Amino acid sequence: AMVFSLLWLALAAPLALGLLPTCSEAAAPAFGHSVLANFSMAKDLINLNHGSFGSTPNSVRDRATALRAEMELSPDLWFRYTVYERVEHVLALLAKYINADPEEVVFVDNASHGVNAVLRSMPFTPIKPKILYLSTAYQMVKNTLMFLHNTSKEALVEVTVTYPLDPAVLIKSVEDALQQDPGIGLAVFSHITSVPAFIVPVKELIALCHAHNVLVLIDGAHALGQIPLNMQDINPDFYVANGHKWLYSPKGSALLYVKTDKQGDVWPTTISLEGQGKTPFQVAFSYKGTDDYSALLAMEAALDFRSQFGDKQIMDYMHNLAVQGGDALVKMWGTDKLVPDSLTGAMANIRLPTTNATLAAAMPKVLLDQYHTWVPTYSVGGPEWYVRVSAQIYTELSDFEYLGKAVMEIIAQCE
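Analysis parameters
Numbering of residues starts from 1 in each chain and follows the order in which that chain's sequence is written. In view of the model being predicted, local features appear only for residues whose pLDDT reaches at least 70, and side-chain atom pairs are presented and counted only at 80 or more, with totals across whole chains, interfaces and linings using the full set of residues. With hydrogens and water stripped out, all remaining heavy atoms of the structure feed into the side-chain values. Runs of H or I in DSSP of at least four residues are treated as helices and runs of E of at least two as strands, each being numbered from the N terminus. Partly exposed residues are those whose accessible area sits between 20% and 50% of the maximum for their type, while under 20% is buried and over 50% is exposed, using a 1.4 Å probe and protein chains only. Two residues form a contact once any of their heavy atoms are found within 4.5 Å. Note on areas: Shrake-Rupley with a 1.4 Å probe; residue coverage comes only from the protein chains shown. Only strands that DSSP links by at least two bridges are regarded as paired with each other. Angles run from 0 to 180 degrees between N-to-C directions of axes, and those axes are lines fitted to C-alpha atoms, restricted for helices to the stretch in contact. Only buried residues count toward a nonpolar core, which is a set of Ala, Val, Leu, Ile, Met, Phe, Trp, Tyr and Cys residues joined through side-chain atoms within 4.5 Å. For this analysis, a ring pair means two rings from Phe, Tyr or Trp (six-membered ring only for Trp) whose centres lie within 6.5 Å, classed as stacked if their planes differ by under 30 degrees, edge-to-face if by over 60, and tilted for the remaining angles. pLDDT is a residue-level measure of predictor confidence that goes from 0 to 100.

J.: For the overall build of the protein chain, give the residues involved together with the corresponding values.
T.: A count of helices and strands for the protein chain gives 16 helices and 10 strands. With the C-alpha coordinates of the protein chain rotated into their principal frame, the extents come out at 80 × 60 × 45 Å. Burial analysis of the protein chain (415 residues in total) assigns 51% to the buried set. Sequence-distant contacts in the protein chain: of pairs separated by 6 or more residues, those separated by 24 or more amount to 71%. Carbon and sulfur atoms form 57% of the exposed surface of the protein chain, whose accessible area is close to 18900 Å².

J.: Mind laying out the sheet that holds strand E1 (residues 105-108), listing which residues take part and the relevant values?
T.: Neighbouring strands of a sheet are bound in pairs by backbone hydrogen bonds; such pairs are parallel or else antiparallel. The sheet built from seven strands is open, its strands ordered E1-E7-E6-E5-E4-E2-E3 with mixed pairing. Whereas interior strands pair on both sides, the edge strands pair on one side only; in this sheet they are E1 and strand E3 (156-159). Here the strands of the sheet are splayed against their neighbours by 20 degrees on average, with no regard to which way each runs. Here strand E2 (residues 130-134) runs beside E3; their pairing, made up of four bridges, is parallel. Residue pairing across strands places Ile131 opposite Leu156, the latter belonging to E3. Along the sheet, helix H7 (residues 139-152) contacts E2, E3, strand E4 (184-190) and strand E5 (215-219); its crossing angle with E2, the most-contacted strand, is approximately 160 degrees.

J.: Please give an account of the nonpolar core that cites residues and values.
T.: Core analysis: the biggest nonpolar cluster contains 82 residues, and Phe107, Leu132 and Phe189 have the highest contact counts within it. Considering every element that reaches this core, the biggest residue donor is helix H5 (residues 75-97), with nine residues. Not counting chain neighbours up to four residues away, the residues in contact with Phe107 comprise Val87, Val90, Leu91, Leu94, Ala254, Leu255, Phe285, Leu296, Leu297 and Met299.

J.: Mind laying out the packing of aromatic side chains, listing which residues take part and the relevant values?
T.: Across all of its chains, the model carries 11 aromatic pairs by this definition. Taking 4.8 Å as the distance between ring centres and 40 degrees as the angle between the ring planes, the aromatic pair formed by Phe31 and Tyr317 counts as tilted. Within this pair, whereas Phe31 is found in the loop between helix H2 (23-27) and helix H3 (50-53), its partner Tyr317 is found in helix H14 (residues 311-333), the two being separated by 286 residues in sequence. Overall, Phe31 belongs to the buried group, its relative accessible area being 15%.

J.: With reference to specific residues and values, describe helix H13 (residues 299-309).
T.: An α-helical segment advances 3.6 residues per turn. Residues three or four places apart therefore align on the same side. Met299, Ala301, Ala302, Leu303, Phe305, Arg306 and Phe309 are the residues of H13 that are buried. Turning to H13, the residues buried within the fold contact helix H4 (58-73), H5, E1, strand E7 (254-258), helix H12 (294-297) and H14. Downstream of H13 by a residue or two, Gly310 has a phi angle that is positive, lying close to 100 degrees.

J.: I'd like to hear about the confidence of the model for the protein chain, residue by residue, with values.
T.: This prediction gives the protein chain a mean pLDDT of 93; 93% of its residues lie at or above 70. Low pLDDT (under 50) marks residues 1-27, which in the prediction has eight contacts with non-local residues, meaning those over four places away or in another chain.

J.: An account of unusual backbone geometry is requested, with residue identities and associated values reported.
T.: For the peptide bond that leads from Tyr163 to Pro164, omega is 5 degrees, which places it in the cis range. When you line up the elements, Pro164 lands in the loop between E3 and helix H8 (167-180). Here Val195 and Pro196 are connected by a cis peptide whose omega angle stands at -10 degrees. Relative to the assigned elements, Pro196 resides in the loop between E4 and helix H9 (202-211). The phi dihedral of Lys153 is positive, around 70 degrees, even though this residue is not glycine.

Quick look at the structure:
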């Protein structure tokens, strides 16, 4: 008994003093600079702009390379038989990840392709020919809408997003627009906007639009991998999502989700109809001519990479770092955040400590040339300028602090 008691004291004392990790601490994934070994970024780069182009882990790139090598071993075997089996397999995995039916999902090269496929397919009727969108829509979406307006005469209805951001105010603004204009037949919303970056209450907006008999396209370019996705829960008619940004898949990998009863109205931007699939919708999107499927099929490897750390753990780390990093910059600069933490995913929006528009607009290139980092700067209409800073599993609080000091040095040199 004496020996057992002494052994227990020997083990329990360090634990009580915090010298040994608890079970939760031991299980916590290791994020931060140690994770950089999984990526191929330049050693001196401090990547605070993951939101624009993403960064592909080495294991995912290796998988894409192996797929290209397999393709070249026997092109006929690959393009006539193998690739369609692989597509079906990976689409099933991704459908599960976003809680959708596998037959509701197809591959597209990026969100821009998906948005164009939906918008340029829609059979707008004379009764409801108008498209509603928010002022914060991604510029490519706005350009596509203007193209439709100029070529097909679709009328556009823009709802202005006001600041400070309030989801209730945004929803009411959309509701007012729908009530005032019964000619609206389709609404387009970002799930997470680009600049400023904030999470849009899409579930509520979709329900509101459906109550007015309005179809909804969600541009989820920034959502896949940054926040949890559940198609059955939010219930969009159409949803596009990039993989290369936050899911960690290679560039040129994205998803298009279309509800089963809407699939007859949606066609790819390139018409081939030479592919294979379980449904006419999947056949139409499966083959657009001889192409490289490696980035799309490597989305499975991206899911495998995420499984090493845990999906929730990845999202929680990025969100918490974006909040804490934003707080650090606010303190360093004596400014404030544009977006409340409750609407923040992994991208923080902080007001710059200058109203010099020329300097603010030039700052990203100076940061890249002199400090080996880059963040977008932008204005929302007033004299204030902001930065969007991306948190990632390979960044730490010290990276935000590095940016904060760099910005202060640039301002001191120029003002």
